[in-house]
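Working through the structure, step by step
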Amino acid sequence: MEAIDHFLSVIPLPAYSPATGQLKLEIESAVQRLEEQCGVSLCSCSSSSSKIDLSICAKMAYAMVHLDRVNDAILLFESMQERAASQENVRVQVLALIERGILLRSGMKEVESAKADLEAGLRLAQDHLGDDLNEFFQLNIVERGKFELGWLLFDKGEFGSAVEYLKAGLAPHIIYHAAVVHSFLGDAYRRLGELDLALEHANACVSLGGGRQFNGYTLLGFVYMDRKEYKQAVGSLREMALAAGEAEIFGVESFGWWAAGCFALEHCSDCDQAVDCLVWSLKAALRIQGDLQLQARRLASANAWLLNCLLVQQHGRVISEFFGECDEDGGAQMVLPRSMQVLTGEAYGLLGVVMLSRGSLDDAYEYLDRGISLLPGDETKLLFRFQHAMGMLLSRRSEHDKALQRFEQCTLLAPTERDKVSSYISCCLEVKSCLDMVRAFEMFGRIQAEHAALLETDWDLRVDVMLGVGQCLFALGNNVQAQATLETAKETLEARERFADTRLGAVYSMLFLCYVQSNRFSAAFELASRFQSKCGEDAYLMLYHGVANRLLGDNEASVKTLTDLLEASKDWMLRYSTLSSLAYAYRKMGDLDSALDKFDQALEEIPDDISIHAAQVYINRAGVFNDRGAEQQRKGNPVPAMASFEKALAEYDRAVQIMRRFGEWNLQDLVRAYAGEAVVHFHMKNYSVAMLKLDSATSLVSSDDALLMGKIKRIRASILATEGRMEESASEAREAALLFADVQMKLQNMESAWVTLLDDDMKHIYYFMQRISSEANSFVDALLWAERSRMRLYFHLADQALRNSTPASPKLLDPLAFDKDDHHAASCIKEAVAKAGYNSVVVEYAFSANHPLSSLLIYVVHSTAGEDFTVRFKRVRLQEFFASKENKVMGGNLDALIRKARTVIQRESHEAEAKVALGILYKLTVLPVWEHIEPHDTVIFAPQGTMSLVPFAALYDGSEGQFLVEKKNVGVIPSIRALRRCQLHQDHHHDHIDEPSFFVAGDPEPMGLDQPQLPGARKEAEEIAKQLGVDALVGAAMTKSSVMQALSSASVRVAVLATHGLVSPAYPHGALVMQGQNQQQGFNELTVGVTSSLRREVDLALKQQAVLHDQVLTAKEIERLEKGIAARLVVLSACQTGDGVVTSEGLLGLGRAVLQAGAACVLVTLWKVDDAATLQLMTGVFEELNKQHTIVEAVRFSMLKLIDSGKPIRFWAPLVALGSPTLRISLAEEA
């Protein structure tokens, strides 16, 4: 009895799996003791005639399960069932049937027999036992039987029936963890399509934990997949993988990462996330131990999908032939490689490829090296792939010799001709990286010759070859063929819409440099704009914009763009280019320390300090040192100046030494170095050495490089002038000016480049020619050079318009006639001043914008009875003028004085201070030539630069206590040549208008841009319209379309617009506010149908911009009116219509836009004006025009009325008559 009791106490009930460890030893001992002491054995228990108690037989059966003797246990439970049936012991029958059914399902996989036993046992329990069961039996036998039957039905796919039985598993018994039950139930509901219930059970499984969260996350992933919520599915599968990894179940972890990667690629198009997941899948698969078949399946699946992701990243397409159909446990129906060694080698190699793509070169090298070492020699495809990746890695490390060896191995391993050619191309690129351009070019040539048939059909490889050939040609100085080759590559990629292809960025980058070096600036910037429209913002595009902004003078924008790019750049070449461009921008801004710092950083990025890139940095650093020396020299610090010049020469010498090593394939940089040395020697007064350096530079310049030759001639002219060889200097300078003008003419449709691209060179040469001409007392010649420096874009566009609309004269057909032909230029001046009238005088100003304290050149030009025209000249030395304490009280230079004057004028109660500032301006600009102005009634000022913002009518003569307008009629014109152009427009339109009319509009309602209404503007429009005998368009009637239509009308003689005007960062050249709309309502409507938050922001911004665009009339829109402006007079009665951006081209604003569109004269304002005062001022102008006065007279008399009534300066002084101010318009007669 003791042995039996011991046996019954040792055996756990029930048994679910084989025992291990101490428990197993105890069970074995108990069974042996029972057999020895009591004669109770497995055979005696199994006998149908056995008299042994059924409870002992049950314990023996459970002991067999614990000892992993499943067959014996099944036989014993079968014997027990027969004995219990004969004894009508239903409880034991139920136990035996259920336990045998469980063992048949789980241990023997006899599903049908198991199902029959489980159903029979549960039916007996339900029919005969009812509630007559203790809790232990109910939970551990009956409820467990229901769960096992549910599990069995689930495996058979009978999910509806399975659910009812599986619910039993949620009973609070001791064996089945509820998390597992929830996972089964959730999966069953998912298969039945009841996804909400499935989601509920999946979340319950996750929340219960117990080390089985990965079951819940797996279920969540597939439920979300069925609900087409793919991002959530990927997230759940990632969590599943993490949970399995924490439990160190690496097979499940690998599957989770694999499934997440597949979903991310196929359903989210997130290739980067897919690569992340598949990399982790591979790493988990490599950690699987003890189950080689599972490890092989996991490696095969992850390898194939990771390879696919890499191909998608490289080519933008899925390579479907790598895959078969995959089931949910990640088993792919594919032919596995021959051995685990191959699978493992492939896994390590692919991990290396991924690490390479992420820039982790050390990790990539380790993985690739291990993968290559594991692969046998007959695995040529994999070896080719990974050797090629190793070559790329070594290339990025600048170990070009080792990279070349790897690529040469690839040519032997290549499985196809295409792969072989690809490897040959990589060899060429490594040779090119070693700066052996000639050899690289020859190797590309052999590829083209030996594989012509393949290249003819394979555009992808053809592009690779064309890009490499183009780069070699550019480096060898053959810019023409380089452009042709690269343009073909660009067209090939664009035709196939390969805008995400990184090679397109490289092609655009090289073409951009080719165009700039060939002076094809229009093509260069058009290229950047096109790339932006097709490809959006990327690194290359940001570089283009940074460089373009620098070339176009917007150095602040350039610095911002390039700084943003630098933070994101990892490639050394991109960082080098970005840092160099940043340094250029800082240099242009005068921040020489920052420029040197950026050039130093650029030098550190270059792998080889004796490369051409290093030479370019040395040249640029030399330029900065030269700038510093020149600045120190101007300040009277000769010792530090000479030290800076010596540093510059040392930098140039280093650059020249490097470039000589590479022969003559980079001549342009060598020319830059020689020319730079010449400038430094010029500053050091080594004139003979400077001329020798220029001779060396000239000998290397291509005949078609007008820009570089112009720069050399400009430097030579300065040296010759210093040596007193004035005729030779003038000849060189004139040739330089014509070369620059010729380059500028090539900038078709690139207005910004016209304004600023050649800014420094052209400003310098034109001022230089004025200086040497005036010193030779050739004042007419000096005036012509002053005129040639102004409004060049304006005349280019105006000449184009005239060529299109009128029979052109021979001089008009030559766009450079005014530059080349002095007689033609003088005739234009003569005609302009003659047309302005004998009582008018033009005062034109010029000064060096680079040196604010140099000299102010003043030309006084008027028509005479006995001569064509007379030019009087006066030079005012600004440094001497502002040395006076009295004159510098409002600023120490001309720009500062003008800014201060404008500021104090616009302040209330600052009349006295304003008169002081205006008095200093009068002494500087008018008093020196007053004797030549005084005999004339009208003075027309032609200012330069910031002088365009001076209110000349308000200049104050302190000695007489009078404003200039109290003594003279005052008008303004950008240049005398522009005056003549306005007169031509005036005559042309007068001859072609049969029935002239007037247009007056004001105070649009609602006012655009959320601006307030202007009752004064409305009253002004109504009163002026009344004077003209027409109806004014006010309020809702004043629309943008009606205004544009009126301005373009051939019959409108006078147009008046009274509204808000503004100059802002959004509208730097100015804009007139037109009719608005209910913006909140409009913007709300714009968001309809937009779902993505980012897309919504972008779309809304674009659409808001379009809405706001309709609420303003910009200067650019006025310039581009299809039919131009026929009106003789346009009145822009609004704030700041005479303000804008000051450039070497002149003041770019609304006034200039109106003149360029064809008006003869325009009335504008220089600052923000008072609504009521403007009403009085403008209506007064039209009252005077009705008295047959000229425009400039009408403006004067209206101003005098405000002055006499005691109005402050700020109310009347901003009004300017710009264009042909002596024009007379008889309004009464026209009306």
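What counts as what
- Residues numbered from 1 in each chain as written.
- Predicted model: local features only at pLDDT ≥ 70, side-chain atom pairs only at ≥ 80, totals over all residues.
- Heavy atoms only, no water.
- Helix = DSSP H or I, 4+ residues; strand = E, 2+ residues; numbered from the N terminus.
- Buried < 20%, exposed > 50% of the residue type's maximum accessible area, 1.4 Å probe, protein only.
- Contact = heavy atoms within 4.5 Å.
- Areas by Shrake-Rupley, 256 points an atom, 1.4 Å probe, with all protein chains shown as cover.
- Core = buried A, V, L, I, M, F, W, Y, C linked by side-chain atoms within 4.5 Å.
- Salt bridge = Lys/Arg side-chain N within 4 Å of Asp/Glu carboxyl O.
- Disulfide = S-S within 2.5 Å.
- UniProt positions renumbered as here; feature names shortened; annotations may be inferred.
- Phe/Tyr/Trp six-rings, centres within 6.5 Å; stacked < 30°, edge-to-face > 60°.
- Lys NZ or Arg CZ within 6 Å of the ring centre and 35° of its normal.
- Axes fitted to C-alpha atoms, helices over the stretch in contact; angles between N-to-C directions.
- Parallel < 35°, antiparallel > 145°, perpendicular 65-115°, else oblique.
- Left-handed = near helix turned anticlockwise from the far one by under 90°.
- Nonpolar A, V, L, I, M, F, W, Y, C, P; charged D, E, K, R; others polar.
- Expected span 1.5 Å × (residues − 1).
- Pairing = 2+ DSSP bridges.

Focus: the overall build of the chain
When you go through the chain residue by residue, the secondary structure sums to 59 helices and 18 strands. By the burial criterion, 56% of the 1231 residues in the chain qualify as buried. Of the contacts formed within the chain by residues at least 6 apart in sequence, a portion of 66% connects residues at least 24 apart. In the structure as shown, the chain presents an accessible area of about 52,200 Å², 49% of it carried by carbon and sulfur atoms.

A few points about the side chain of Arg902
The residue Arg902 is located in helix α46 (residues 894-905) in this model. Setting aside chain neighbours within four positions, we find Arg902 in contact with Leu949, Asp1139, Leu1166 and Trp1167.

Digging into the nonpolar core
Of all hydrophobic cores here, the largest spans 165 residues; its most connected members are Met80 and Val94. Counting residues in each nonpolar core, the second largest holds 140 residues, with Phe963, Ala1001, Val1164 and Val1195 among its members.

Let's talk about the pattern of salt bridges
Following the criterion strictly, the structure yields 44 salt bridges and no others. Salt-bridge contacts for Lys1201 lead to Glu1183; the nearest nitrogen and oxygen are separated by 3.2 Å. Highlighted residues: Lys1201 in helix α57 (residues 1191-1204) and Glu1183 in helix α56 (residues 1171-1185), separated in sequence by 18 residues. Glu1183 sits in the partly exposed class, given a relative accessible area of 36%. A salt bridge links Lys1201 to Glu1184; the nearest nitrogen and oxygen atoms lie 3.1 Å apart. Placement of Lys1201 in helix α57 and of Glu1184 in helix α56 is noted, with a sequence separation of 17 residues between them. Here the residues in one salt-bridge network are Arg418, Asp458, Asp460, Asp464 and Arg503, joined through shared partners.

Remarks on the state of the cysteines
Enumeration over the complete set of coordinates arrives at zero disulfides. Free cysteine Cys410: the closest other cysteine sulfur is in Cys427, separated by 7.9 Å. Taking the relative accessible area as the measure of exposure, Cys410 reaches 0% and is therefore buried. Considering cysteine sulfurs only, Cys427 is the nearest to Cys428, which forms no disulfide, with 6.9 Å between them. A relative accessible area of 1% places Cys428 in the buried class.

Some remarks on the environment of Glu1023
Checked against the element boundaries, Glu1023 lands in helix α50 (residues 1015-1028). Judged by relative accessible area, which is 32%, Glu1023 ranks as partly exposed. With 23 residues separating them along the chain, Glu1023 and Val1000 place their C-alpha atoms 9.7 Å apart.

Considerations on the UniProt feature "repeat: TPR" (unreviewed entry) in the chain
Per the UniProt entry, the sites bearing "repeat: TPR" (unreviewed entry) are residues 345-378 and 576-609 in this numbering. Summarising residues 345-378: 79% helix, 0% strand, and an end-to-end C-alpha distance of 13 Å.

Some details on the environment of Leu1177
Relative to the elements of secondary structure, Leu1177 occurs in helix α56. Owing to a relative accessible area of 4%, Leu1177 belongs among the buried residues under this scheme. Taking the C-alpha atoms as reference points, Leu1177 and Lys1201, separated by 24 residues in sequence, lie 8.4 Å from one another.

A look at the packing of aromatic side chains
Taken as a whole and assessed by the stated rule, the structure comprises 15 aromatic pairs. Taking the centre distance of 5.9 Å and the plane angle of 40° together, the rings of Tyr766 and Trp785 count as tilted. Here Tyr766 is found in helix α39 (residues 759-775), whereas its partner Trp785 is found in helix α40 (residues 779-788), with 19 residues between them in sequence. When its relative accessible area of 3% is taken as the criterion, Trp785 is described as buried. Arranged with centres 5.1 Å apart and planes meeting at 75°, the rings of Phe963 and Trp1212 form a pair that is edge-to-face. Pair noted here: Phe963 is in strand β6 (residues 962-963) and Trp1212 is in helix α58 (residues 1209-1212), with a separation of 249 residues, a long-range link. Comparing Phe963 with Trp1212, the two get one shared label, buried. An aromatic cluster is defined as three or more aromatic residues linked by ring pairs; in this entry it consists of Phe222, Phe255, Trp258 and Phe263. One residue, Lys967, lies across the ring of Trp930, its end atom 4.3 Å from the ring centre. One residue, Arg977, lies across the ring of Phe818, its end atom 4.0 Å from the ring centre.

Some details on the packing of helix α32 (residues 612-634) against helix α34 (residues 667-683)
Look at α32 against α34: their axes get within 10 Å of each other, and the N-to-C directions meet at 20°. Judged by the inter-axis angle, α32 sits roughly parallel to α34. Every pair of crossing elements has a handedness; the one defined by α32 and α34 is left-handed. Listed contacts from α34 to Ile612, Gln616, Ile619, Asn620, Asn626, Ala630 and Gln633 of α32 are Asp669, Arg672, Ala673, Val679, Val680 and His683. Here the contact of α32 with α34 is composed, by residue class, of six nonpolar, five polar and two charged.

Some remarks on helix α10 (residues 178-191)
Here α10 contains 14 residues, and its C-alpha end-to-end distance of 20 Å stays within 8% of the 20 Å for a straight helix at 1.5 Å per residue. Counting buried residues along α10, twelve of its 14 residues qualify, which places the element largely inside the surrounding structure. Listing the buried residues of α10 in full gives Ala179, Val180, Val181, His182, Ser183, Phe184, Leu185, Gly186, Asp187, Ala188, Tyr189 and Arg190.

Section: the packing of helix α14 (residues 250-266) against helix α15 (residues 271-285)
Closest axis-to-axis distance for the α14/α15 pair is 8 Å, and the angle between their directions is 165°. The orientation of α14 with respect to α15, classified from their angle, is roughly antiparallel. Crossing of α14 against α15: the hand is left-handed. Where α14 abuts α15, its residues Phe250, Glu253, Ser254, Trp257, Trp258, Ala260, Gly261, Ala264 and Leu265 lie against Cys271, Gln273, Ala274, Cys277, Leu278, Trp280, Ser281, Ala284 and Ala285. Residue composition of the contact of α14 with α15, by class: 13 nonpolar, four polar and one charged.

Description of the sheet that holds strand β11 (residues 1061-1062)
Read across the open sheet, the three strands follow the order β11-β12-β13; overall the sheet is antiparallel. What marks the edges here is a single partner per strand, and that holds for β11 and β13 (1112-1114). The pairing of β11 with strand β12 (residues 1071-1073) spans two bridges and is classified as antiparallel. Pairing of Leu1062 across the sheet is with Ala1071, part of β12.

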